[in-house]
Each structure stands twice: as C-alpha cells, then as structure tokens.
Amino acid sequence: PEITRDPSRDEARVNWPWFLPDGKRFLYESRSKDRSGQIMLAEPGKAPRPLVSAVSNPQWVDPDILVFARDGTLVGQRVDLSQGRAIGEPFAIAGPIDHFSSTGRAMFTASRNGVLAYQSHRDSDRLVWVDRAGHELGAVGVDGAYQRVRLSPDGQTALFDRADPQKGTLDLWSVALERNVETRLTSDVGSEAYPVWMPDGRRVVFMADRGGPPHLFRRDTATGADDQLLPPGRRQIPEDVSAAGDILFNERTERGNTDVRILRTGGRTVTEGLFN
C-alpha cells in the first residue's frame, strides 16, 4: 500500500485520496481514534505532512487552493506546496453543504479552474402512519434524514436514528407515539446509528464510531448507560435481536465483503454465513 494508518500517531484510518496536478503527490484525510482529522500531503520519498485540521474529503483548485468541508460549510485554504504548509486562514466558499462527519464525506466536486458543484442539504424524510390500504393517517416526529426506524416490543415507542444537519452526525432518538413527544438518546461528537430494541423494551443495540470503526454498543434508555459489546476492529451493523437476546449483525471483512454473525447473550460470537 502507498499509505497505511500509523498506530504511533493514533490513526484510526486513512481515506479520501486526491491527486495533485503533478500526478505524483496527493492529498488524503487522516482520522484519529478521538474522531479528529487532518488533511495530509503525501509526496514520493517523504513522510506525509499535515496541512490543516479537517474531517473531510479534500480536493484541489489551481493554483494553490485546498477545498474541504468544515462545520457544514465548504471552505478553501491557500497552501504552499513547496513548503508543505497552509498560508493564512481558511475562507468560506459556500454553504450549507451535505457533510457526514463520521466518514468525512462532503458532497462536492471541484475542477482545477475553480468551478465547484455541491449538494446543499441531505434528503429530507417524513415518518408517517399508513393504513393497510396505503392511506396516510398522520405524521410522526419531524422531517429529517432518517436511516432506520423500529417499533418497541409493546408498540408504544418508535426508535430511530436521525442526522444533525449542522454537525453531519447521526444520533439516536425515540418518540412516544401516543403523545408524539421525542426524546434524544445520544448526543456524542461522533455518530450512533442503526438501533435495534432488546426484548425488554428498555435497552437498545446500536453501532457507534468510538475508538475506531463503527462497532456494537448497548444502551439502557432509562439510565443512559452504555456498554461496548465488541471491541473495535471492523465495521459492525446490528440487524435484529432474538427473543432470547441474541444479536444478529453484519461485519465487514478484510476482503471488503460482509459476514453475518450472531453475538450470543453469553458473549460467544458465531459466523453464520458469508455474502459477497
């Protein structure tokens, strides 16, 4: 590999490479385990050098502008490539921009002549009740960017993850359906997503990007206490929980495909299948 994560620098991952005009040097994002990030300059025969602090994919505009996202805004930063350093302060280009900070992905593209295209907002979804004939009966909660919604075992509460449009992160929420009152369950600097109820209707399983790639956690919704179910390693997404409390989840493999695994309540993890 050209660049691999450096554990001595507490790197969790490296991604989003982008060639500079000479076709030899390139930019990329370095992400630390504390979720901070830096845009790095990679040059043949030299150690990578940090240019700016950012959790974003980088791109380049001639003659000397580094473009990236920060706090929901598309920004530019002048860079002296011969010295490998930033010049002055970053400046706003446009915003808001669709930016998902957990992965660093910002929805924009830049041409070398300075023409940029970007997506200003994520898609907005509505949660609604419908009857068996498909007729809409009423809305639940507020509009937003949702990924998963699950009803509690007693059918009285909906559990979901929703993106924060400013921070570009996902948090867990619940809504009491009879009263249509929402409760925010997480507010971490990273993302918590893909929630699933445990059979007791009090605890939930979810994935969070804490200390490495997103992996499995469990939260007690009454106390707010979390416990890590598996150590960080590869991305894990919970899918379902059995009546006995066994957790079915997907796990990314070194080959880039996905294993289906079961985490038994006694702590044993079993690979059940492989999907390419």
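Above this text you will find the structure in question.
Just so it is clear, the structure is predicted and the values come from calculations on it, not from any experiment.

> Describe the sheet that holds strand β22 (residues 226-228), listing the residues and the values that go with them.
Pairing in this open sheet of four strands is antiparallel, and the strands run β19-β20-β21-β22 from one edge to the other. Edge strands, defined here as strands with exactly one partner in the open sheet, are β19 (192-197) and β22. Within this sheet the neighbouring strands show an average axis-to-axis angle of 30 degrees, counted without direction. In this sheet, strand β20 (residues 203-208) lies alongside β19 in antiparallel orientation, the contact comprising four bridges.

> Got a sec to walk through the pattern of salt bridges? Specific residues and values, please.
Inspection of the entire model under this criterion finds 20 salt bridges. Three or more residues are tied together by salt bridges with common partners; here these are E192, R210, R219 and D226.

> If you had to explain the environment of R148 to someone new, which residues and values would you point to?
Tracing the chain through its elements places R148 in strand β15 (residues 146-151). Residues R148 and M198, spaced 50 residues apart in sequence, show a C-alpha to C-alpha distance of 15 Å. A distance of 2.7 Å separates a polar side-chain atom of R148 from the backbone oxygen of P238. A polar atom in the side chain of R148 sits 3.0 Å from the side chain of E239.

Conventions we followed
- Sequence order as written defines the numbering, with residues in each chain counted from 1.
- Reporting of local features is limited, given that this is a predicted model, to residues whose pLDDT is at least 70; pairs of side-chain atoms are given and counted only at 80 or more, and all residues count toward the totals for whole chains, interfaces and linings.
- Only hydrogens and water are set aside; all other atoms, that is, all heavy atoms of the structure, feed into the side-chain values.
- Two strands make a pair as long as DSSP finds a minimum of two bridges between them.
- Secondary structure elements are defined from DSSP: runs of H or I of at least 4 residues count as helices, runs of E of at least 2 residues count as strands, and each element is numbered from the N terminus.
- Every axis in this analysis is a line fitted to C-alpha atoms, fitted for helices over the stretch in contact. Angles between the N-to-C directions lie between 0 and 180 degrees.
- The working definition used for a salt bridge is a side-chain nitrogen of Lys or Arg within 4 Å of a carboxyl oxygen of Asp or Glu.
- Two N or O atoms count as a polar contact when they lie within 3.5 Å, although within protein this holds only if one can serve as hydrogen donor and the other as acceptor, and sequence-adjacent residues are included solely when both atoms are side-chain atoms.

Honestly, it's all geometry; don't read function into it.
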